[in-house]
Amino acid sequence: MRIGVTCYPTYGGSGALATELGLALAARGHEVHFISYASPFRLRGYAERVFFHEVDTTGARYPLFDHFPYSLALASKQYEVAKREALDVLHVHYAIPHATTAWLAREMLRPERVVPVITTLHGTDITLVGQEAGFFEITRFSIEHSDLVTAVSSFLRDETHRTFGCVSCDIRVIPNFVNLEEYHPDNAACRDALAPAGHRVLTHVSNFREVKRVKDVVRIFARVNRAVPATLLMVGDGPERGEAEREAEHLDVADRVRFLGRLDRVANILQASDLFLLPSQTESFGLAALEAMACGAPAVASRAGGLPEVIDDGISGILEPPGSVEAMARRTVEVLQQPARLQAFREAAIAKARTFASEQVVPMYEALYAEVAG
Ligand code: GMT
């Protein structure tokens, strides 16, 4: 099939998932056309049957516009690409504004033919942004007018029904997935270069937004480090990074916390990690935790959102309520001090991650494309 994909190109789970899906689909013989204002961060190098179409945000800078009408430029590009490349389906990730612009593109094309729109809901498009007064109605409209809607967890499906009341919306749950060729355990990982000998390695990867509670990551680490010598690897960047750096200074652990910045490839860091920390306020799924688990790093995370669908508390990881720094730290220390238990967690995490392998999940999307393209 010929599939148009629109996502945010920036560092984050929805763009990561959309790009991995596009690449997996292309590897399975489909033609994939990414449409966004920049090349998605995980789209590295050439891949057969993968194309990128850039939405021009530099033109049309008419002095009348204080704000460039990106949504219109995107809808226009989606229409143009769908028509020229004879797309069979437009698959958009993150409702705002992508589901709305795809609806517009579909309606523009309608006199010629119907290009169905599939919207995948990822998280804050429902739990935060979509609930803002200025976006609420258009988010509901765009969900209701998509040909098919998917959510990345049962939690997010239920939350969408609860928030928008669209009880008639048929929202299918298709979980995040992981490419096991890239994310797998590797005992030869670069641990020596990342942390001193004898240290346990704890890792966090995110875009350092408020919802990630990155100060809690540092606080948990500081408590763990009192009992077990350890190094914390902070991967990513974003608005809360400064706060996290100051917290590390304040708690006197700055020399043991390494802020590595934004890295597009993290598998080798995850392979070198003993545990992954994700104490978010909420996560609709927790792709970062899944990728860590696949590499053999069980997650210490919040019992919130869709995380319990990914992590079995006490078996493949640790779950505590958001903000429970003490409990998360105490249980982390307990596991780190019992190597056999850590190993059991590790094996369970790897086994759980395998249930979300791309080979299991990507065909679910293919089935949807076939269904809407009829
Ligand atoms: O924060 C978001 O909602 C946006 C999105 C992103 O681009 O970072 O992340 C979400 O989508 C991921 C992929 O489906 C999920 O694994 C993340 O849990 C989810 N983030 C949140 O719900 C906070």
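Source: prediction; values computed, not measured.

### Some details on a nonpolar patch on the surface
- Taken together, the side chains of Y62, L64 and F65 make up a nonpolar region of the molecular surface, amounting to roughly 370 Å² of accessible area.
- Positionally, F65 belongs in the loop between β3 (50-54) and α2 (70-84).
- Given the relative accessible area of 39%, F65 is considered partly exposed.

### Comments concerning the packing of aromatic side chains
- The tally for this structure, following the rule as stated, stands at six aromatic pairs.
- For the pair W103 and F141, a centre-to-centre distance of 4.9 Å together with 85° between the ring planes defines the contact as edge-to-face. Taken together, the residues W103 in helix α3 (residues 98-109) and F141 in helix α5 (residues 133-144) connect sequence positions 38 residues apart.
- Residue W103 is classed as partly exposed on the basis of its relative accessible area of 24%.
- Ring centres of F285 and F356 lie 5.5 Å apart, and the angle between their planes is 90°; on these two criteria the pair is classed as edge-to-face. Residue F285 is located in the loop between β11 (275-278) and α11 (287-294), and its partner F356 is located in the loop between α13 (339-354) and α14 (358-373); the two are separated by 71 residues in the primary sequence.
- Assessed through its relative accessible area of 2%, F285 is described here as buried.

### What about the site of the ligand?
- Among the 17 residues in the neighbourhood of the ligand, the closest are listed as G13, S14, H122, T124 and E283.
- Within the side chain of R209, a nitrogen or oxygen atom sits 3.0 Å from an oxygen atom of the ligand.
- A distance of 3.0 Å separates an oxygen atom of the ligand from a polar backbone atom of G286.
- In the complex, 95% of the free accessible area of the ligand, which totals 480 Å², lies under the protein chains.
- Each residue belonging to the shell around the ligand can be placed in one class, and the counts come to four nonpolar, eleven polar and two charged.
- Inspection of the shell around the ligand shows a minimum of three residues originating in each of domain 1 (2-177 + 357-373) and domain 2 (200-354).

### Considerations on the pairing of strand β8 (residues 200-205)
- Where burial is concerned, most of β8 is hidden: five out of the six residues are buried.
- Where β8 meets strand β9 (residues 230-235), six bridges bridge the pair, whose relative direction is parallel. In the sheet register, V205 faces β9, and the bridge partner there is V235.
- Regarding topology, helix α8 (residues 214-227) serves as the crossover connection from β8 to the parallel β9, and that connection is right-handed.
- Bridge count for β8 against β11 is two bridges, and the pairing is parallel. Considered in β11, the bridge of L202 is made with L275.

### Comments concerning the domain arrangement of the chain
- Along its sequence, the chain is organised into domain 1 (2-177 + 357-373) and domain 2 (200-354).
- The straight-line distance from the C-alpha centre of domain 1 to that of domain 2 is 30 Å.
- Contact residues are listed per partner, giving 21 residues for domain 1 and 22 residues for domain 2.
- Along the contact surface separating domain 1 from domain 2 lie one salt bridge.
- For R42, the salt bridge identified is with E291, shortest N-O distance 2.9 Å.
- Where domain 1 packs against domain 2, one counts nine residue pairs in polar contact (both at pLDDT 80 or more).

About the cut-offs
- Residues numbered from 1 in each chain as written.
- Predicted model: local features only at pLDDT ≥ 70, side-chain atom pairs only at ≥ 80, totals over all residues.
- Heavy atoms only, no water.
- Patch = residues over 30% accessible without salt bridge, like charges linked within 9 Å, V, L, I, M, F, W, Y side chains within 5 Å.
- Areas by Shrake-Rupley, 256 points an atom, 1.4 Å probe, with all protein chains shown as cover.
- Salt bridge = Lys/Arg side-chain N within 4 Å of Asp/Glu carboxyl O.
- Helix = DSSP H or I, 4+ residues; strand = E, 2+ residues; numbered from the N terminus.
- Buried < 20%, exposed > 50% of the residue type's maximum accessible area, 1.4 Å probe, protein only.
- Phe/Tyr/Trp six-rings, centres within 6.5 Å; stacked < 30°, edge-to-face > 60°.
- Near = heavy atom within 4 Å.
- Polar contact = N/O pair within 3.5 Å; in protein donor to acceptor, adjacent residues only side chain to side chain.
- Nonpolar A, V, L, I, M, F, W, Y, C, P; charged D, E, K, R; others polar.
- Domains from an automatic or database assignment.
- Pairing = 2+ DSSP bridges.
- Right-handed = clockwise from strand over helix to strand, strands pointing away.
- Contact = heavy atoms within 4.5 Å.

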